[in-house]
Structures are given as structure tokens and as C-alpha cells.
Amino acid sequence: MTIKGLKKKTGGKTKVKTLKFSVDTAKAAEDNIIEAKALEQFFKDRIKVNGKPGNLGDKVQVDREKSKINVTAQAPFAKNYLKYLSKKYLKSQGLRD
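In what follows, the accompanying structure is described. The residue count restarts for each chain, going from 1 along the sequence in the order it is written. Local features are withheld for residues below a pLDDT of 70 in this predicted model, meaning they are given only at 70 or higher, and side-chain atom pairs are given and counted only at 80 or more; totals for whole chains, interfaces and linings count all residues. Side-chain descriptors were evaluated using all non-hydrogen atoms of the structure, hydrogens and water having been removed beforehand.

1. Observations regarding unusual backbone geometry
One non-glycine residue, Asn-50, adopts positive backbone phi at about 55°. The secondary structure listing takes helices from DSSP runs of H or I that are at least 4 residues long and strands from runs of E that are at least 2 residues long, numbered from the N terminus. Position of Asn-50 among the secondary structure elements: in the loop between strand S2 (48-49) and strand S3 (52-53). For every residue, the accessible area obtained with a 1.4 Å probe (protein chains only) is divided by the maximum for its type, and the residue is called buried under 20%, exposed over 50%, and partly exposed between those limits. Overall, Asn-50 belongs to the exposed group, its relative accessible area being 64%.

See below:
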């Protein structure tokens with residue numbers, strides 16, 4: 001006995017959502033307050049993937065173009081996390097109260 005309209009579910013591929021964020025440090029770099037290179041390295045060292053810092057793998061890429069830092073990540077990644085890390089960097093440099 002067969003039932004019309006019912007099909008076997010096949011495992012379809014899910015599309016991976018890519019998120020892009022950018023941190024512009026142009027004004028701070030002009031005033032010689034911070035260096036984009038140092039902030040980029042800070043992000044590479046401190047961003048956590050699967051609970052381990054510095055373990056970016058292929059899920060997160062951090063690139064720098066002059067004074068603009070681009071972070072490209074797969075879906076579970078929050079903008080607030082970058083804000084948190086930026087504030088942490090400023091605090092470590094003694095630029096934030």
C-alpha cells in the first residue's frame with residue numbers, strides 16, 4: 001500500500017550564513033592613538049572559536065586594509081563580541097576608563 005504525496009526526506013544541504021564586520025580605526029590612527037596592526041593581532045589572538053582563543057580555523061578570518069579591519073565569520077558570531085574585544089583592547093592600552 002502506498003500513500004500519494006508522501007516522500008522520503010532527503011538530507012538537504014544547509015546554506016552557511018557568512019557575516020561581515022568592519023572596524024574603522026582611521027581617526028584614531030591619524031592621531032597616533034592606536035595602531036590597526038596591533039588591534040588586528042589582538043583580534044586574532046583573542047577571538048574564541050569553540051571555546052578556545054586564537055583557534056580561528058576556517059570559521060573566522062581577520063584582514064586589514066590600511067586602517068580598516070575586516071572580520072568575516074560564519075553564522076554564530078555576534079557584533080557585540082567585537083565591541084567587547086575592542087573595549088578590552090582600549091582598556092589594556094590605558095585609553096579607556
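Read on for the rest.
2. A closer look at the pattern of salt bridges
Put simply, a salt bridge is a Lys or Arg side-chain nitrogen that is within 4 Å of an Asp or Glu carboxyl oxygen. If you walk through the whole model with that rule in mind, you get two salt bridges. A salt bridge links Lys-44 to Glu-40; the nearest nitrogen and oxygen atoms lie 3.5 Å apart. Highlighted residues: Lys-44 and Glu-40, both in helix H2 (residues 36-46), separated by four residues, approximately one helical turn. Since its relative accessible area comes to 30%, Lys-44 is described here as partly exposed. The closest approach of N and O atoms between Glu-40 and Arg-64, which form a salt bridge, is 2.9 Å. Of this pair, Glu-40 sits in helix H2 while Arg-64 sits in strand S4 (residues 60-65), and the two are 24 residues apart along the sequence. Exposure remark for Glu-40: the relative accessible area of 11% places this residue in the buried category. Taken together, the shared-partner salt bridges connect Glu-40, Lys-44 and Arg-64 into one network.

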